[in-house]
Amino acid sequence: LLAQEVQPSMDQRVRVTLVTGFLGAGKTTMIRHLLGQQAFGDGVEVVNNDIGPVVAPEMQGQTVYDLGAGCICCDLKDDLVSRLASLLLTSNGKHIVLETTGLATPGPVAAAMLDPKLAKGLVLSSVVTVVDARRVQDQVEREQEDVGSEVVQQLVLADVVVVNKCDG
């Protein structure tokens, strides 16, 4: 049974929130906090592609899937599509939070939602980029280096930018 055979109405598609941000920006911490506060509501599942573990004691009842090391925008894209297709078949979840590595560019990850195995069952509801207030300017200014382009793409493709670490 392929995920494309699961054809909920457009209103009932599983929402996907893509959380991205450069290394050390605080993506995992933000997700843990929001899950602990039930900010996503019931029926949320997390697909983690970052290095830090998402699972924490305050996340009772949350399901977390780890895609492991590698980047879902290139190396693990097929694994991402397979995991999401599997979730469509086996889960009763209403919302998926997808955390990328700090070096991922969100464009190819968002484009994966258009895969025929996923498009009828999932909808990308938002791209949230978390930035470190103390480091983002330097990261953007390094545009000539590889690191700059990821940060800029994460910012440009964001629906929401969360400015983190403003207190120091």
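Residues numbered from 1 in each chain as written. Predicted model: local features only at pLDDT ≥ 70, side-chain atom pairs only at ≥ 80, totals over all residues. Heavy atoms only, no water.

What to know about the confidence of the model for the protein
On average, the protein scores 77 in pLDDT, and the residues at 70 or more come to 73%. For the protein, per-element mean pLDDT is lowest for strand 3 (residues 63–66), which scores 64, and highest for strand 1 (residues 14–20), which scores 92. (pLDDT = per-residue confidence, 0-100. Helix = DSSP H or I, 4+ residues; strand = E, 2+ residues; numbered from the N terminus.)

Focus: unusual backbone geometry
Phi angles above zero are rare outside glycine, and K165 is one such case at about 60 degrees. With respect to the secondary-structure elements, K165 resides in the segment after strand 6 (160–164).

Let's talk about the side chain of T129
With respect to the helices and strands, T129 occurs in strand 5 (residues 122–132). Residue contacts for T129: discarding those within four places in its chain leaves T20, G21, Q154, L155, A158, V160, V161 and V162. (Contact = heavy atoms within 4.5 Å.)

Re the nonpolar core
Grouped together as the largest cluster of nonpolar side chains are 18 residues, with contacts concentrated most on V47, L80, L84, I96, L98, L118 and L122. Elements with a minimum of two residues in this core: strand 1, helix 2 (77–90), strand 4 (95–99), helix 3 (106–112) and strand 5. Of the residues forming this core, the biggest block, six residues, is contributed by helix 2. If we skip the residues at most four places from it in the chain, L84 touches V47, I96, M113, L118 and L122. (Core = buried A, V, L, I, M, F, W, Y, C linked by side-chain atoms within 4.5 Å. Buried < 20%, exposed > 50% of the residue type's maximum accessible area, 1.4 Å probe, protein only.)

Section: the environment of M30
Looking at the secondary structure, you find M30 in helix 1 (residues 27–36). For the pair formed by M30 and V130, sequence separation is 100 residues and the distance between their alpha carbons is 8.5 Å. Excluding residues that lie within four positions of it along the chain, M30 makes contacts with V19, V128, V130 and V162.

Some thoughts on empty space enclosed by the protein
Scanning the entire structure with this criterion turns up two cavities of 30 Å³ or more. Empty space within the largest cavity amounts to approximately 50 Å³. What lines the largest cavity is simply V14, E45, L87, L88, S91, G93 and I96. In terms of residue class, the lining of the largest cavity is made up of four nonpolar, two polar and one charged. Forming the boundary of the second largest cavity are F22, A25, T129, V130, V131, D132, V136, Q139, V151 and Q154. The set of elements that each furnish at least two residues to the lining of the second largest cavity consists of strand 5, helix 4 (136–141) and helix 5 (146–156). Here the lining of the second largest cavity gets four residues from one element, more than from any other, and that element is strand 5. (1 Å grid on protein atoms, 1.4 Å probe; cavity = no way out; pocket = protein on both sides within 12 Å on 5 of 7 lines; lining within 4 Å. Points joined across faces, edges and corners; volume = space filled by probe spheres on them. Nonpolar A, V, L, I, M, F, W, Y, C, P; charged D, E, K, R; others polar.)

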